[in-house]
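An overview of the molecular structure
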Amino acid sequence: MNGKHGHAHAQRVGNNIRSLIREATILEDQLDMVEDDDEKRALEEDVTGKILLACWRGVCSEIEPILTKVAHLIVTDTRVGRDGRKQRIRLLRDVGDAFKHATNDGHGESRGCHLRRIVVDAEENVSKYKLLLASRVAPHTKHREQSSASSVEDLPGGDDQGD
């Protein structure tokens, strides 16, 4: 990337990273006010996810253009014949596949899986804290629904037998 496109991309990445850092700061302020240990852990994970995602996006924004440029130079080098460039393309693909599978431990489990999950959750705006709070409310809501349903059945004519 170069020129206007490169500058616009850099601005978008910078704005995105600043936004993630603001979100992490807001979550940290919220964390300071929470006393419940489970809520603290959930908020800490949300903060960690935002910070890791900001770091990841920063690293990617620096590395991706370099990898693209290097790969382009390798596969378009006119000093190498057509068959040689095709071989380079295959080898680059193999290297890419090796990097993709580098974190797999051979048993279908990925090392660092929990950290990746935290980053993915941050990217998808999944909040462990909000999920925790919702799970605490859900049993009470379910109980109220069952309770109101049974009270409707207890009402005269509520079981539709008299119709």
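Computed from a prediction, not measured in an experiment: that's the story for all the values here.

Let us look at the overall build of the protein. In terms of helices and strands, the protein carries five helices and zero strands. Secondary structure elements of the protein occur, N-terminal to C-terminal, as α-α-α-α-α. Residues counted as buried form 19% of the 163 residues belonging to the protein. By sequence separation, contacts in the protein at least 24 residues apart represent 57% of the contacts at least 6 residues apart. Per element, the accessible surface of the protein, about 12,600 Å² overall, is 56% carbon and sulfur.

Taken N-terminus to C-terminus, the directions of helix α2 (residues 37-75) and helix α4 (residues 113-123) make an angle of 85 degrees; their axes are 8 Å apart at the nearest point. Viewed along their axes, α2 and α4 adopt a mutual orientation that is roughly perpendicular. Only H114, L115, I118, V119, A122 and E123 of α4 make contact with α2, whose side of the interface consists of E45, T48, G49, K50, L52, L53 and R57. Residue composition of the contact of α2 with α4, grouped by class: six nonpolar, three polar and four charged.

Bringing a nonpolar patch on the surface into the picture now. Together, V59, I63 and L67 give the surface a local cluster of nonpolar side chains, amounting to about 260 Å² of exposed area. Note that I63 resides in helix α2. Since its relative accessible area comes to 42%, I63 is described here as partly exposed.

Structurally, L92 can be placed in helix α3 (residues 82-101). Relative accessible area serves as the criterion here: at 30%, L92 is assigned to the partly exposed category. C-alpha of L92 to C-alpha of A71: the two residues are 21 residues apart in sequence and 7.7 Å apart in space. What L92 contacts, discounting residues up to four positions off in sequence, is A71, I74 and V75.

Here we take up the layout of surface pockets. Each pocket or cavity is described by its volume, and for the largest pocket that value is around 260 Å³. Forming the boundary of the largest pocket are 17 residues, of which L27, D46, K50, S127 and K130 lie nearest the centre. For the lining of the largest pocket, the secondary-structure elements that each account for two or more residues are α1 (3-33), α2, α4 and α5 (128-154).

One can describe the packing of α2 onto α3 by two numbers: an axis separation of 8 Å at closest approach and a directional angle of 150 degrees. Facing α2, whose interface residues are A71, I74 and V75, α3 presents R85, R88, I89 and L92. Of the residues in the contact of α2 with α3, the class split is five nonpolar, no polar and two charged.

Attention now moves to α4. In an α-helix there are 3.6 residues to a turn, and that puts residues three or four apart on one side. Among the residues making up α4, those that are buried are I118, V119, D121 and A122. Each buried residue of α4 sits inside an arc of 160 degrees when the element is viewed along its axis, so together they form one side. Backbone geometry just after α4 places N125 at a positive phi near 55 degrees.

Quick notes on the rules
Residues numbered from 1 in each chain as written. Predicted model: local features only at pLDDT ≥ 70, side-chain atom pairs only at ≥ 80, totals over all residues. Heavy atoms only, no water. Helix = DSSP H or I, 4+ residues; strand = E, 2+ residues; numbered from the N terminus. Buried < 20%, exposed > 50% of the residue type's maximum accessible area, 1.4 Å probe, protein only. Contact = heavy atoms within 4.5 Å. Areas by Shrake-Rupley, 256 points an atom, 1.4 Å probe, with all protein chains shown as cover. Axes fitted to C-alpha atoms, helices over the stretch in contact; angles between N-to-C directions. Parallel < 35°, antiparallel > 145°, perpendicular 65-115°, else oblique. Nonpolar A, V, L, I, M, F, W, Y, C, P; charged D, E, K, R; others polar. Patch = residues over 30% accessible without salt bridge, like charges linked within 9 Å, V, L, I, M, F, W, Y side chains within 5 Å. Salt bridge = Lys/Arg side-chain N within 4 Å of Asp/Glu carboxyl O. 1 Å grid on protein atoms, 1.4 Å probe; cavity = no way out; pocket = protein on both sides within 12 Å on 5 of 7 lines; lining within 4 Å. Points joined across faces, edges and corners; volume = space filled by probe spheres on them. Arc of directions from axis to C-beta.

Geometric values such as these leave the question of function open.
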